[in-house]
Amino acid sequence: MSVLPLLPTSLVGSYAQPDWLIDRDRLRDTFPPRIRAMELWRVAPELLAEAQDDATLLAIGAQRDAGLDILTDGEIRRESYSNHFATALEGVDIDNPGMALSRSGTPNPVPRITGPIRRPHPIQLADLRYLKAHSDRPVKITVPGPFTMTKQAQNDHYPDPAAAAMGYAAVVNAEVKDLFSAGADIVQLDEPGLQGWPDEARQYGLAALNAALDGVTGTTAVHLCFGYAALVPGRPDGYSFLPELAGCPADQISIETAQSGLDLGVLADLSDKTVILGVIDLSTDEIESVEVVAGRVRRAFDHLPPEQLVIAPDCGMKYLPMAAAAGKMRAMVGAAHLLRAELGD
């Protein structure tokens, strides 16, 4: 990976999908799908892959135009952050789904585990290669974490959830290694379930995460969140699962601080990590000023040196209007330039 500037800027994962590609009203009104939801796409099935490629180019271009230092594919081809990967695995039945409760207690159709979880082939290599072919900057790609996928499935095969999580960990581990072999600069594991079910996360979730990262060489990140702001407007006072990640193999931990006004004293627990600092509030379409964003970043300087910080949105930008997403990215980049000048970099 090329040398990044001080306080590099990056998305956490998703970018806003265009209205001509996906029915954004239905997307917002539908709990993030855990099985496939082909009815959300506005494009005919035989043209969908080409349309998703075109929209991915727009997402990459928007990030480049805003000046982000690390680019993603925007997760444009996904109906949700996790189902693109989870429904491509063997050993799960998505035609006869099961049911699981979301962290808010809502029942949701989910993949039903009916046999050993296996990865029939690398799932996101084509997405990574497309991103790399259209990027002149370091790239990051995201994969759902094993604990979160376990909580988003009905287990009808393994003796207990811990065993199912280890089944998911093995396929994630293989995928991450393949992504690095194909040239990914950063691979991020999305693990909101660790925050949503902290007691079970301590029992077996952390072990599954460690297994998913075992033997991986490359820069890895773990993203925790409180849920999409468009769907989960409220925020708790703090994380229920964060210090536990201090000893995990991941190089970077992604947290959100803008909407929650999180007490950044929690960063002391992550002193050996790079922190992807969420400083863009996704509960509003209002575009923050450069100074407001810079102020949110400055709060972290009392707890971690700038060299250990990445500037990012709180979570994915999937539910934002595209104009708001572009403006918020520009505010992030402007804040990074301002802070670098203040720090003499």
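Residues numbered from 1 in each chain as written. Predicted model: local features only at pLDDT ≥ 70, side-chain atom pairs only at ≥ 80, totals over all residues. Heavy atoms only, no water.

Remarks on the environment of E286
At step 1: In this fold, E286 is placed in the loop between strand 8 (274-278) and helix 9 (290-298).
At step 2: For E286, a relative accessible area of 60% translates into the label exposed.
At step 3: Residues E286 and A324, 38 residues apart in the sequence, show an inter-C-alpha distance of 6.9 Å. (Helix = DSSP H or I, 4+ residues; strand = E, 2+ residues; numbered from the N terminus. Buried < 20%, exposed > 50% of the residue type's maximum accessible area, 1.4 Å probe, protein only.)

Quick notes on the pattern of salt bridges
At step 1: Within this structure, the stated rule accounts for 20 salt bridges.
At step 2: One salt bridge in this structure joins D19 and R24, with 3.6 Å as the shortest N-O distance.
At step 3: Judged by its relative accessible area of 47%, D19 falls in the partly exposed class.
At step 4: When its relative accessible area of 12% is taken as the criterion, R24 is described as buried.
At step 5: Through salt bridges with shared partners, a single ionic network connects D53, D73, R77 and D127. (Salt bridge = Lys/Arg side-chain N within 4 Å of Asp/Glu carboxyl O.)

Some remarks on the side chain of R78
At step 1: Mapped onto the elements of the fold, R78 is located in the loop between helix 2 (45-66) and helix 3 (83-86).
At step 2: With residues near it in sequence (within four places) discarded, R78 still touches Q17, W41, H84, Q124, I141, T142 and K318. (Contact = heavy atoms within 4.5 Å.)

So, the sheet that holds strand 9 (residues 309-312)
At step 1: Taking strand neighbours across the sheet as the criterion, the six strands line up as 3-5-6-7-8-9 in an open arrangement whose pairing is parallel. Only two strands of the sheet have a single partner each, and these edge strands are strand 3 (140-144) and strand 9. Neighbour to neighbour, the strand axes of the sheet diverge by 25 degrees on average, direction disregarded.
At step 2: Taken together, the five bridges between strand 3 and strand 5 (residues 186-190) define a ladder with parallel strand orientation. Counterpart to K140 in the pairing with strand 5 is I186. (Pairing = 2+ DSSP bridges. Axes fitted to C-alpha atoms, helices over the stretch in contact; angles between N-to-C directions.)

Things to note about the nonpolar core
At step 1: Of all hydrophobic cores here, the largest spans 99 residues; its most connected members are Y15, V187, L245, I253 and M317.
At step 2: Those residues in contact with M317, other than ones at most four positions away along the chain, are L11, S14, Y15, A16, I280, L282, A325, K328 and M329.
At step 3: One finds I186, A221, V310 and A312 within the second-largest nonpolar core, a separate group that totals seven residues. (Core = buried A, V, L, I, M, F, W, Y, C linked by side-chain atoms within 4.5 Å.)

Considering unusual backbone geometry
At step 1: A positive phi angle, near 55 degrees, is found at L7, a position not held by glycine.
At step 2: Residue position: L7 is located in the segment before helix 1 (24-29).
At step 3: A positive phi angle, close to 55 degrees, is found at E75, a residue other than glycine.
At step 4: Along the polypeptide, E75 turns up in the loop between helix 2 and helix 3.
At step 5: Judged by its relative accessible area of 5%, E75 falls in the buried class.

Quick look at helix 6 (residues 161-181)
At step 1: When the terminal C-alpha atoms of helix 6 are compared, their 30 Å separation across 21 residues agrees well with the 30 Å that a helix rising 1.5 Å per residue should span.
At step 2: Among the residues of helix 6, those classed as buried are A164, A165, G167, Y168, A169, V171, V172, N173, E175, V176, L179 and F180.
At step 3: Backbone nitrogen of A162 and a side-chain oxygen of the N-cap are separated by 3.2 Å at the start of helix 6; the cap is D160.
At step 4: Positive phi shows up at G183, right after helix 6, with a value of about 105 degrees. (Expected span 1.5 Å × (residues − 1). Polar contact = N/O pair within 3.5 Å; in protein donor to acceptor, adjacent residues only side chain to side chain.)

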